[in-house]
Amino acid sequence: MRTLLILIIALTVYACGSQKPEQTEPTEKVEKPVDIRTAVLEKQNIKDFFTLPGNVEAWESATVSVDLAGTVIKTYAEEGDRIAKGSPVISLDTSTYEAAVDNSRAALSLAEKEYNRAKLLYESDAVSKQTYDQALATLEQAAADLRYNSAQLGKAVLKSPFTGWLDRRHVDTGEYVAPGDPVAVIVNTDRMQLIVDVPEKDVRYLKEGTQTELFEAEVNKNGAEFTGKIIYIAKQAESATKTYRVKIEITSGIEKLRPGMIIRAKFLRREYTDVFVIPVFSVVDKQEGKVVFVEKDGRAVSIPVSVTSVIGSQAVIEQGLNEGDRLIVKGQHFVADGSKVQAE
């Protein structure tokens, strides 16, 4: 019985091994197209701008100080007052300086008499040349002393160096001041200027006399608020920042500005004509370089490109593309050269 069971199992195994597998027909692999979106290429013009913050300054600003020591006996203007060029700001006690002028006049009068006497005697050979020279030197010294003391007396009244506004007065009547002490700050805001520090990579695009648009330094602020004109570009960079100081005269809207405010200046870097302007994200980085894909006859075609400039979210392409080409702007990262595609 056991032998019979083994024989049955052996026959079954043999029969199964001798059967040939059924032949199957090979199936053809179907390429699934990649969904894409395209944009038709056309040449256009575009301007490349850059903006930088700047500091508003008065056209003229001066901290005036005294040259003499003395007590302030009078102030002529209050903070915020309009003050003309040459108008007095403060005056000091002049009694000491007036006395010095009087002494100088008396010394000069005496020196003139001594000189005239010595001159007559010298011409008659009654005194030596040395006596005459000493009298002349005394006269010249007395005249110089009178000029010096008169000039000092004139400094007792401090005057405005230009027409403007008395922005700050540091002293009041009765206060004592020493030489060099600041007395007042005078500003001329009839004209205003903007000072901008421009990096060396951009300063070469600027020219004196160029008109500029100026904006308030607020996030998402649109529309020019002011206008200006570049009047000076520094010849030498600042040693610490390696930036160039650019001075812009603000030509409109100054009534809204005050010295110390921060506003932005918009400068033209370059202007491109007859170029292709495409989304930056449509450019694909490959190992061999940058490429874009265009759709032709339902296939993706890879085109090597060189990006001339990036302006915001746009890339400027000057060569390699053709007008009318359908640039792939969606799905470009999922295709290769020759991939089957279908536009949405």
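Look up: the structure comes first, before these words.
Reference entry: report on the structure contained in this document. (Residues numbered from 1 in each chain as written. Predicted model: local features only at pLDDT ≥ 70, side-chain atom pairs only at ≥ 80, totals over all residues. Heavy atoms only, no water.)

So, the pattern of salt bridges
Taken as a whole and assessed by the stated rule, the structure comprises 15 salt bridges. Residue Glu249 is joined to Arg191 by a salt bridge in which the shortest nitrogen-to-oxygen separation is 3.2 Å. Here the residue Glu249 occupies a position in strand S12 (residues 243–252), and Arg191 occupies one in strand S9 (residues 182–199), the gap between them amounting to 58 residues. Classification of Glu249 as buried rests on a relative accessible area of 16%. Among the residues examined, Arg191 registers a relative accessible area of 37% and is labelled partly exposed. Residue Lys290 is joined to Asp285 by a salt bridge in which the shortest nitrogen-to-oxygen separation is 2.7 Å. Residue classification places Lys290 among the partly exposed positions, given a relative accessible area of 37%. Linked through salt bridges whose partners overlap, the residues forming this network are Asp48, Lys201, Asp202 and Arg269. (Salt bridge = Lys/Arg side-chain N within 4 Å of Asp/Glu carboxyl O. Helix = DSSP H or I, 4+ residues; strand = E, 2+ residues; numbered from the N terminus. Buried < 20%, exposed > 50% of the residue type's maximum accessible area, 1.4 Å probe, protein only.)

Topic: the layout of surface pockets
To find the voids left in a structure, one rolls a probe of water-molecule size over its atoms. Put simply, the largest pocket is a space of about 380 Å³. Along the walls of the largest pocket sit 16 residues, with Asp167, Val187, Thr189, Arg258 and Pro259 positioned nearest its centre. A per-class count over the lining of the largest pocket returns 8 nonpolar, 3 polar and 5 charged. At the level of secondary structure, the elements contributing two or more residues to the lining of the second largest pocket comprise strand S10 (211–216) and strand S13 (262–279). Considered class by class, the residues forming the lining of the second largest pocket number 6 nonpolar, 3 polar and 3 charged. (1 Å grid on protein atoms, 1.4 Å probe; cavity = no way out; pocket = protein on both sides within 12 Å on 5 of 7 lines; lining within 4 Å. Points joined across faces, edges and corners; volume = space filled by probe spheres on them. Nonpolar A, V, L, I, M, F, W, Y, C, P; charged D, E, K, R; others polar.)

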